[in-house]
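Chains, contacts and geometry: an overview
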Amino acid sequence: QVQLVESGGGLVQAGGSLRLSCAGSGRSFSNYVMGWFRQAPGKEREFVAAIKWDNISRRYADSVKGRFTISRDNAKNTVYLQMNSLKPEDTAVYYCAADGRHFTIPTMNSEYDYWGQGTQVTVSS
């Protein structure tokens, strides 16, 4: 069992930056693929980024490539999402998720086993 708690959301102007954190509890955190998803009002939850246990293999949605960076600190059981050059369309609730079943990096909601409660990110124009 893994419990996830996100933090770091808030209100920022377009072009600004935020760093989200996701703290995990439970054993074997370093064995999980960790992902970030987001859900805007009236839209489905979508994949943003994910990282494997090796802290090297990463995957990003096309909409955030070059602007967002995912990283993790296994010693602290924490995964981060550095978001730069934010746009109003990045406004959403951001969720952290953990996958313990796949070797490759999954991008679908159903492929992740554990979820945090979400943190709101609002980008004003």
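Structure's up top.
For the structure given in this document, a descriptive report is provided here. As the structure is a computational prediction, the values presented were derived from the model and not from experiment.

The subject of this paragraph is the overall build of the protein chain. The number of helices and strands found in the protein chain is zero helices and eleven strands. Viewed in the frame of its principal axes, the protein chain has a C-alpha envelope of about 40 × 25 × 25 Å. Looking at the protein chain residue by residue over its 125 residues, the buried ones come to 42%. Put simply, of all contacts in the protein chain between residues at least 6 apart along the chain, 58% involve residues at least 24 apart. Working note: accessible area of the protein chain is about 6400 Å², and carbon and sulfur atoms make up 46% of it.

Our focus in this paragraph is the environment of Tyr114. Residue position: Tyr114 is located in strand S10 (residues 114-115). Note: C-alpha distance between Tyr114 and Leu86 (28 residues apart in sequence) is 27 Å. In this structure Tyr114 touches Gln1, Val2, Leu4, Tyr32, Cys96, Ala97 and Ala98, once residues within four positions along its chain are discounted.

The tally for this structure, following the rule as stated, stands at five salt bridges. We note a salt bridge from Arg38 to Glu46, for which the minimum N-O separation is 2.6 Å. A relative accessible area of 36% places Glu46 in the partly exposed class. The closest approach of N and O atoms between Arg38 and Asp90, which form a salt bridge, is 2.9 Å. Of this pair, Arg38 sits in strand S4 (residues 33-39) while Asp90 sits in the loop between strand S8 (78-83) and strand S9 (92-99), and the two are 52 residues apart along the sequence. Take Arg38 and Asp90: they sit in the same class, and that class is buried. Here the salt bridges share partners, and the residues they tie into one network are Arg38, Glu46, Arg67 and Asp90.

This brings us to unusual backbone geometry. Of note in this structure, Asn55 is not a glycine but carries a positive phi near 65°. For Asn55, the location among the structural elements is in the loop between strand S5 (46-51) and strand S6 (58-60). One non-glycine residue, Asn77, lies in the positive phi region at around 55°. When you line up the elements, Asn77 lands in the loop between strand S7 (68-73) and S8.

With that settled, consider the sheet that holds S7. Spatially, four strands are ordered S1-S3-S8-S7 in an open sheet, and the strand pairing comes out antiparallel. The open sheet has two edge strands with one neighbour each: strand S1 (3-7) and S7. Ignoring which end each strand starts from, the neighbouring axes of this sheet average 15° apart. Across five bridges, the pairing between S1 and strand S3 (residues 18-25) is antiparallel. Paired with Glu6 across the bridge in S3 is Cys22.

What counts as what
- Residues numbered from 1 in each chain as written.
- Predicted model: local features only at pLDDT ≥ 70, side-chain atom pairs only at ≥ 80, totals over all residues.
- Heavy atoms only, no water.
- Helix = DSSP H or I, 4+ residues; strand = E, 2+ residues; numbered from the N terminus.
- Buried < 20%, exposed > 50% of the residue type's maximum accessible area, 1.4 Å probe, protein only.
- Contact = heavy atoms within 4.5 Å.
- Areas by Shrake-Rupley, 256 points an atom, 1.4 Å probe, with all protein chains shown as cover.
- Salt bridge = Lys/Arg side-chain N within 4 Å of Asp/Glu carboxyl O.
- Pairing = 2+ DSSP bridges.
- Axes fitted to C-alpha atoms, helices over the stretch in contact; angles between N-to-C directions.

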